[in-house]
Amino acid sequence: MHQKHITVLGECVADAFTTPEPGTAPHALTTPEPNAGTHALPTPDPAAGTHALPTPDPAAAPHGLTLRVLPGGGPANTAVALGRLGTPTRFLGRLSHDVFGTLFRARLTASGVDLTGCATAPESSTLAVADLDPAGQATYSFFADGTADWQWTDAELAAAPLDDTVCLHTGSLALVRDPGGPRIEEFLGRVRSHTTVSIDPNVRPLLVAPAVYRERLARWCALADILRLSEDDLAFLAPGATPGDACDTWHAAGARLVVITLGERGALASLDGERATVPAPPTTVVDTVGAGDSFTAGLLHRLDAHGRLGGRLDGLTLHEVVDACSYAVRVAARTCSVPGADPPWADREAI
């Protein structure tokens, strides 16, 4: 019998940040602006390493710039977190042959993620450059047009190994950017007959206008069993709506389970309109990079442990949802307690 997997479909992003000039103090890691376009400053696994873009000697080229590049991207972070929690996880991504693609493969593989379903892409990897000011605040430049993550073809998706998949999680930019986004939507429609579908919209307004997400959201709810989003996403997707009203709207559109993460206030879960709030544990927050992705991983991991993945969440109870969210907020809290998107390993610490 084949081992059952959770499969994550989406992008990897090379997150680059400027390093200080020789003789100056390094910038502190800080939390990026909400929904600033991509995750910034994640800390990789020791096995994954980092890549620094080569620059001339500053003495010889005083205007040179060194960038430190680390692996990121919401779906990839979720896959890493699932792998570290011990869930058999497959990642479906379009990975370039460039140096960043090598970095992505190293991080995912070191976290126990199966990459056999990935497509080898001729395009370049997506790059996000964070420029830190003296206070450690970041502004971003994106190199995302025509890059590998958005160019899914019908043939590549048709070749994805899904026979052993109980849940397919996707969202973020790969689901909303053309030309691949509409193809992924069609793909979800084909696989949901035998697979639970989870979507995290992960709104990134610097790259895609929120109106584009709002226009597509009803279609995503019709495809999704689970909709996980942040409080910031809620403000973009349903401006002026209360969380309860938004949940009811998305239930009516088709999503059975809606979970809204509320930062230090925990999470709101709504199962077919029956709601509960789960508090977050007290945490010394270093930053919140990757916290939402880790929450999603913890939620799916625990729902799988309850045996509720593989269909339309048949038999799922609000008690089980609360248990899954309670686990998920602990996973997210561990991620917030260290710099960057560095989710915990379940076999190394109690969660």
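About the criteria used
Residues numbered from 1 in each chain as written. Predicted model: local features only at pLDDT ≥ 70, side-chain atom pairs only at ≥ 80, totals over all residues. Heavy atoms only, no water. Helix = DSSP H or I, 4+ residues; strand = E, 2+ residues; numbered from the N terminus. Buried < 20%, exposed > 50% of the residue type's maximum accessible area, 1.4 Å probe, protein only. Contact = heavy atoms within 4.5 Å. Areas by Shrake-Rupley, 256 points an atom, 1.4 Å probe, with all protein chains shown as cover. Axes fitted to C-alpha atoms, helices over the stretch in contact; angles between N-to-C directions. Parallel < 35°, antiparallel > 145°, perpendicular 65-115°, else oblique. Left-handed = near helix turned anticlockwise from the far one by under 90°. Expected span 1.5 Å × (residues − 1). Core = buried A, V, L, I, M, F, W, Y, C linked by side-chain atoms within 4.5 Å. Pairing = 2+ DSSP bridges. Phe/Tyr/Trp six-rings, centres within 6.5 Å; stacked < 30°, edge-to-face > 60°. Lys NZ or Arg CZ within 6 Å of the ring centre and 35° of its normal. pLDDT = per-residue confidence, 0-100. Nonpolar A, V, L, I, M, F, W, Y, C, P; charged D, E, K, R; others polar.

**Side note on the overall build of the protein**
Logical step 1: A count of helices and strands for the protein gives 10 helices and 15 strands.
Logical step 2: Looking at the protein as a whole, 55% of its 351 residues qualify as buried.
Logical step 3: Long-range contacts, defined as pairs at least 24 residues apart, comprise 77% of the intrachain contacts of the protein with a sequence gap of at least 6.
Logical step 4: Surface exposure of the protein reaches about 13,800 Å², of which carbon and sulfur atoms provide 56%.

**Looking at the environment of Leu 103**
Logical step 1: Residue placement: Leu 103 occurs in helix α2 (residues 99-110).
Logical step 2: Expressed as a C-alpha distance, the spacing of Leu 103 and Gly 72, which sit 31 residues apart in the sequence, is 9.9 Å.

**Quick notes on the packing of helix α1 (residues 74-85) against helix α9 (residues 291-305)**
The relative placement of two packed helices is expressed as an angle between their axes plus a distance between the axes.
Logical step 1: Where α1 meets α9, the closest approach of the two axes is 8 Å, and the angle between their N-to-C directions is 45°. For the element pair α1 / α9, the angle class is oblique. As for the relative orientation of α1 and α9, their crossing is right-handed in sense. Along its contact with α1, which presents Gly 74, Asn 77, Thr 78, Ala 81, Leu 82 and Leu 85, the element α9 presents Asp 293, Ser 294, Thr 296, Ala 297, Gly 298, Leu 300 and His 301.

**Overview of α1**
Logical step 1: Across its 12 residues, α1 extends 17 Å between first and last C-alpha, which sits within 8% of the 16 Å expected from 1.5 Å per residue.
Logical step 2: In terms of residue burial, α1 counts as a mostly covered element, since 12 of its 12 residues are buried.
Logical step 3: Those residues of α1 that fall on the buried side of the exposure criterion are Gly 74, Pro 75, Ala 76, Asn 77, Thr 78, Ala 79, Val 80, Ala 81, Leu 82, Gly 83, Arg 84 and Leu 85.
Logical step 4: Count one or two residues on from α1 and you reach Gly 86, which has phi positive near 100°.

**Points about the nonpolar core**
Where a protein is soluble and globular, its nonpolar side chains tend to be buried together.
Logical step 1: Within the largest apolar cluster, 51 residues are counted, with the highest numbers of intra-cluster contacts made by Phe 91, Leu 257, Phe 295 and Leu 299.
Logical step 2: Examining the composition of this core, we find that 9 residues originate from one element, helix α10 (residues 318-336), more than from any other.
Logical step 3: Beyond its immediate chain neighbours, meaning those up to four positions away, Phe 295 contacts Arg 228, Val 259, Thr 261, Ala 267, Cys 325, Ala 328, Val 329 and Ala 332.
Logical step 4: Grouped together as the second largest cluster of nonpolar side chains are 41 residues, Ala 174, Tyr 213, Ala 238 and Ile 260 included.

**With respect to the environment of Ser 124**
Logical step 1: Summarising the element assignment, Ser 124 is placed in the loop between β7 (119-121) and β8 (126-132).
Logical step 2: On a C-alpha basis, the gap between Ser 124 and Phe 100 in space is 8.6 Å, while along the polypeptide they are 24 residues apart.
Logical step 3: For Ser 124, the contacting residues outside a window of four places in its chain are Ser 96, Asp 98, Thr 147 and Ala 148.

**Structural notes on the pairing of strand β4 (residues 67-72)**
Look at any regular strand and the pattern is simple: side chains alternate between the two faces of the sheet.
Logical step 1: With 5 of 6 residues buried, β4 lies mostly within the body of the structure.
Logical step 2: Pairing geometry for strand β2 (residues 13-18) and β4, over 6 bridges, is antiparallel. Paired with Asp 15 across the strands is Leu 70, a residue of β4.

**Notes on the packing of aromatic side chains**
Logical step 1: According to the stated counting rule, one finds 1 aromatic pair in the structure shown.
Logical step 2: Ring centres 6.3 Å apart and planes at 85° place the aromatic pair Tyr 213 and Trp 220 in the edge-to-face group. By the burial criterion, Tyr 213 is buried, and Trp 220 matches it.
Logical step 3: Here the basic side chain of Arg 348 rests over the ring of Trp 345, its NZ or CZ set 4.0 Å away from the ring centre.

**Examining the environment of Ala 209**
Logical step 1: Relative to the helices and strands, Ala 209 is located in the loop between β11 (196-200) and α6 (210-223).
Logical step 2: Exposure remark for Ala 209: the relative accessible area of 41% places this residue in the partly exposed category.
Logical step 3: Residues Ala 209 and Phe 236, 27 residues apart in the sequence, show an inter-C-alpha distance of 9.6 Å.

**Things to note about the confidence of the model for the protein**
Keep in mind that low pLDDT regions are not for reading the predicted coordinates in detail.
Logical step 1: Mean pLDDT for the protein: 87, with 84% of residues reaching 70 or above.
Logical step 2: Across residues 20-58 the pLDDT falls below 50, and counting only partners more than four positions away or on other chains, this stretch makes 99 contacts in the model.

**What to know about the sheet that holds strand β15 (residues 274-278)**
Logical step 1: Ordered by their spatial adjacency, 8 strands build an open sheet running β5-β1-β10-β11-β12-β13-β14-β15, and the pairing between neighbours is mixed. Where the open sheet ends on each side, the last strands, each with one partner, are β5 (89-92) and β15. Here the average twist between neighbouring strands, direction ignored, is 15°.
Logical step 2: Here 2 bridges tie β11 to strand β12 (residues 226-230), and the two strands are oriented parallel to one another.

**Describing the packing of helix α5 (residues 180-191) against α6**
Logical step 1: At a minimum axis separation of 9 Å, α5 and α6 run at an interaxial angle of 25°. With respect to each other, α5 and α6 are oriented roughly parallel. As for how α5 packs across α6, the hand of that crossing is left-handed. Contacts between α5 and α6 involve Pro 182, Glu 185, Leu 188 and Gly 189 from the first element and Arg 216, Arg 219, Trp 220 and Leu 223 from the second.
Logical step 2: A breakdown of the residues in the contact of α5 with α6 according to their chemical character gives 4 nonpolar, 1 polar and 3 charged.

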